[in-house]
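# Topology and contacts: notes
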Amino acid sequence: MRMYDLIYTKKLGAALSPEQIAFWVKGAADGSLPDEQSAALLMAICWRGMDTEETLALTLAMRDSGQRLDLSSVPGLKVDKHSTGGVGDKTTLILGPIVAACGVPCPMFSGRGLGHTGGTVDKFAAIPGLKVELTDAEFLHSLQATRFANSAPTGNIAPADKKLYALRDVTATVESIPLITASIMSKKLAGGADALVLDVKCGPTAFMKTLDDARTLAQSMVDVGSAHGMQIRALITRMDAPLGWAIGNALEVMESVEILRGEHGASELAQMSFRLAAEMLIMGGVATTLEAAQAKVQASLQDGSALETLRRFVALNGGDAKALDDFSHLPQPGQVVDVRADRDGFIAAIDGRALGILAMDLGAGRRDRNDVLDLGVGIHVLAGVGRPVVQGDLLFRIHAKAGQTIQPDFYLATLEWAKVSQPMTPWLMASIGC
Ligand code: URA
């Protein structure tokens, strides 16, 4: 088999066979095929697409490039969640402990942040001492002891994805529905969960800008998961303004803990986390209706069991659980700078992507894969869409490194203003799957 023929076939828009796809993925992962040929095929896939059989074959080949975790020693249906990524998205920190406290084991592998979106692993890393790269044995032990486990993927989960994702990152080939599907689903299938809830973000800040594209991606992932016997359901959620008040790692831990304490219950972040958690409880077999599942979610907040699960997970994996009760134990900023409104009016929109980039520039995110983060910096967003604002009102509180120059205009430029109140469109745009 020649790689040249695969590239030529896809360039003309024809389908690749499962054998051809397996040949490519193996060669890309073990280095026997040159990167330039993989890059050319990636670009041809971006333009020409892949049909359902090809996407399935690609997912399987990537899954089988590494190990598959065996979670059968943990009783019950194991339920995972994946979000396609958004600014301020800390739902994993909230729903993982809730779902586990309600009796459903929740094994989760998360990524590090790159660019304007943060990564769940970096958020957990803000808890002093917490080990965020668990061995397989530690991951399994955490799941058995607390029903919750979160870790950066071990090097051996879908290594072909690591290789291909790095190539996609530098060849402008990330935004392709079959490539995103195979990348996400290969890791999820290798991770060993029985069921998966997907949060597919849609909007100007997300990979998928339109509802049609978000539906196509969601359906593609649901098809692949179902074909492999996984229970799978996708919610399509709006992504434009940042999710919640916190952007930045320690700040996002604080906001998550506050929600687990029962605060901010009406916020979009809390409502979204509770709904995703409820879907997971239904899939895990501990509730049959959304109402019953939501009641369990609320009970786990009220009786403190969700927060206690997070404390136990943190302590078990070397972290300082006191930091969850006393935020002065979390990384702190060198200075805090307030940004106030320069006019009266109503905020019509907040550009989450621009704020994500500003947070990255503060040191909360990575411009380059090798950047070292400052876990204490970030943005406290007090501005809210639709709320009346009077000149001088506090809109952003910038948590920065000591001596860092903050330009308030850059933050104010992320806001779109209106003369009358603009209602937010609902965060839940559609749902797909079982
Ligand atoms: N997240 C992934 O893991 N892979 C993609 O391709 C896109 C988002």
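Residues numbered from 1 in each chain as written. Predicted model: local features only at pLDDT ≥ 70, side-chain atom pairs only at ≥ 80, totals over all residues. Heavy atoms only, no water.

### Considering the sheet that holds strand β5 (residues 231-238)
Read from one edge to the other, the open sheet built from 4 strands follows the order β1-β4-β5-β13, with strand pairing classed as mixed. Sheet topology places β1 (79-83) and β13 (428-433) at the edges, where each strand pairs with a single neighbour. Neighbour-to-neighbour, the strand axes of this sheet turn through a mean angle of 15°, independent of strand direction. Both β5 and β13 contribute to a ladder of 5 bridges, which runs antiparallel. By the bridge assignment for β13, L235 is matched with S431. Sitting on the sheet, helix α9 (residues 177-190) touches β1, β4 (195-202) and β5, and the angle it makes with β1 is about 160°. (Pairing = 2+ DSSP bridges. Helix = DSSP H or I, 4+ residues; strand = E, 2+ residues; numbered from the N terminus. Axes fitted to C-alpha atoms, helices over the stretch in contact; angles between N-to-C directions. Contact = heavy atoms within 4.5 Å.)

### Looking at the environment of Q407
Relative to the assigned elements, Q407 resides in the loop between β11 (394-400) and α16 (408-412). With 267 residues separating them in the primary sequence, Q407 and L140 have C-alpha atoms 46 Å apart.

### Regarding the pattern of salt bridges
Per the stated rule, a full pass over the model turns up 26 salt bridges. Between D5 and R2 there is a salt bridge, with the nearest N and O atoms lying 3.0 Å from each other. D320 is the salt-bridge partner of K322, the closest N and O atoms lying 3.6 Å from each other. A relative accessible area of 53% places K322 in the exposed class. Each of R112, D122, E133 and R366 takes part in a single network of salt bridges with overlapping partners. (Salt bridge = Lys/Arg side-chain N within 4 Å of Asp/Glu carboxyl O. Buried < 20%, exposed > 50% of the residue type's maximum accessible area, 1.4 Å probe, protein only.)

### Overview of the packing of helix α7 (residues 136-146) against helix α14 (residues 305-316)
Helix-helix packing is characterised by the crossing angle of the two axes and by the distance between the axes. Two elements in contact, α7 and α14, have axes separated by 10 Å at closest approach and are oriented at 150°. For the element pair α7 and α14, the recorded crossing hand is right-handed. Two secondary-structure elements touch here, α7 through H141, S142, A145 and T146 and α14 through T309, R312, F313 and L316. Looking at side-chain class alone, the contact of α7 with α14 contains 3 nonpolar, 4 polar and 1 charged residues. (Left-handed = near helix turned anticlockwise from the far one by under 90°. Nonpolar A, V, L, I, M, F, W, Y, C, P; charged D, E, K, R; others polar.)

### Concerning a nonpolar patch on the surface
On the surface, Y4, Y8 and L12 cluster together to form a nonpolar patch covering roughly 340 Å² of accessible area. Following the sequence through the fold, Y4 ends up in helix α1 (residues 3-11). (Patch = residues over 30% accessible without salt bridge, like charges linked within 9 Å, V, L, I, M, F, W, Y side chains within 5 Å. Areas by Shrake-Rupley, 256 points an atom, 1.4 Å probe, with all protein chains shown as cover.)

### With respect to the domain arrangement of the protein
Domain assignment breaks the protein into domain 1 (3-49), domain 2 (79-156 + 177-326) and domain 3 (331-418). Each of domain 1 and domain 2 was reduced to a C-alpha centroid, and the two centroids are 33 Å apart. (Domains from an automatic or database assignment.)

### Section: the nonpolar core
As a rule of thumb, nonpolar side chains are buried together in soluble globular proteins. Membership of the largest hydrophobic core comes to 57 residues, with the highest contact counts inside it found for I98, F124, I127, V253, L260, L310 and L330. At the level of secondary structure, the elements contributing two or more residues to this core comprise α5 (91-101), β2 (106-109), α6 (120-125), β4, α11 (249-260), α12 (268-283), α13 (290-302) and α14. The element that contributes the greatest number of residues to this core is α12, accounting for 10 residues. Ignoring anything within four residues of it in the chain, the contact list for I127 reads V253, V314, D320, L324 and L330. Listed in part, the 29 residues of the second largest apolar core include V339, V385, Y411 and L415. (Core = buried A, V, L, I, M, F, W, Y, C linked by side-chain atoms within 4.5 Å.)

### Side note on the packing of aromatic side chains
We describe a pair of aromatic rings using the distance from one ring centre to the other and the angle between the two ring planes. All told, the structure shown has 6 aromatic pairs when counted by the stated rule. Their ring planes at 45° and their centres at 6.2 Å tell us that F124 and F148 sit as a pair that is tilted. With F124 in helix α6 and F148 in strand β3 (residues 148-151), this residue pair connects regions lying 24 residues apart in the sequence. Here F124 matches F148 in class, with each residue buried. Taken together through their ring pairs, the aromatic side chains of F124, F148 and F313 make up a single cluster. (Phe/Tyr/Trp six-rings, centres within 6.5 Å; stacked < 30°, edge-to-face > 60°.)

### Here we look at the sheet that holds strand β10 (residues 388-389)
As summarised here, the arrangement of the 3 strands in space is β10-β8-β12, forming an open sheet in which the pairing is antiparallel. In this open sheet, the two edge strands, each paired with only one partner strand, are β10 and β12 (415-418). Here strand β8 (residues 345-350) pairs with β10 via 2 bridges, running antiparallel. Across the sheet, F346 pairs through a bridge with P388, a residue of β10.

### Concerning the environment of A44
Structurally, A44 can be placed in helix α3 (residues 35-48). Residue A44 is classed as buried on the basis of its relative accessible area of 11%. Those residues in contact with A44, other than ones at most four positions away along the chain, are K10, K11 and G49.

### Things to note about empty space enclosed by the protein
Following the criterion strictly, the structure yields 2 cavities of 30 Å³ or more and no others. Considered as a void within the structure, the largest cavity measures approximately 110 Å³ in volume. H116, T117, G118, I247 and A364 are, among the 16 residues lining the largest cavity, the residues nearest its centre. Listing elements by their share of the lining of the largest cavity, those giving two or more residues are α11 and α15 (352-362). Of all the elements, α15 adds the most residues to the lining of the largest cavity, at 3 residues. Residue composition of the lining of the largest cavity, grouped by class: 5 nonpolar, 9 polar and 2 charged. When residues of the lining of the largest cavity are sorted by domain, at least three fall in each of domain 2 (79-156 + 177-326) and domain 3 (331-418). Empty space within the second largest cavity amounts to approximately 40 Å³. Considering the residues around the second largest cavity, the lining is formed by W24, L42, L58, M62, L164, R168, L179 and A182. Broken down by secondary-structure element, the contributors of at least two residues to the lining of the second largest cavity are α4 (52-63), α8 (159-170) and α9. Its residues assigned to classes, the lining of the second largest cavity comprises 7 nonpolar, no polar and 1 charged. (1 Å grid on protein atoms, 1.4 Å probe; cavity = no way out; pocket = protein on both sides within 12 Å on 5 of 7 lines; lining within 4 Å. Points joined across faces, edges and corners; volume = space filled by probe spheres on them.)

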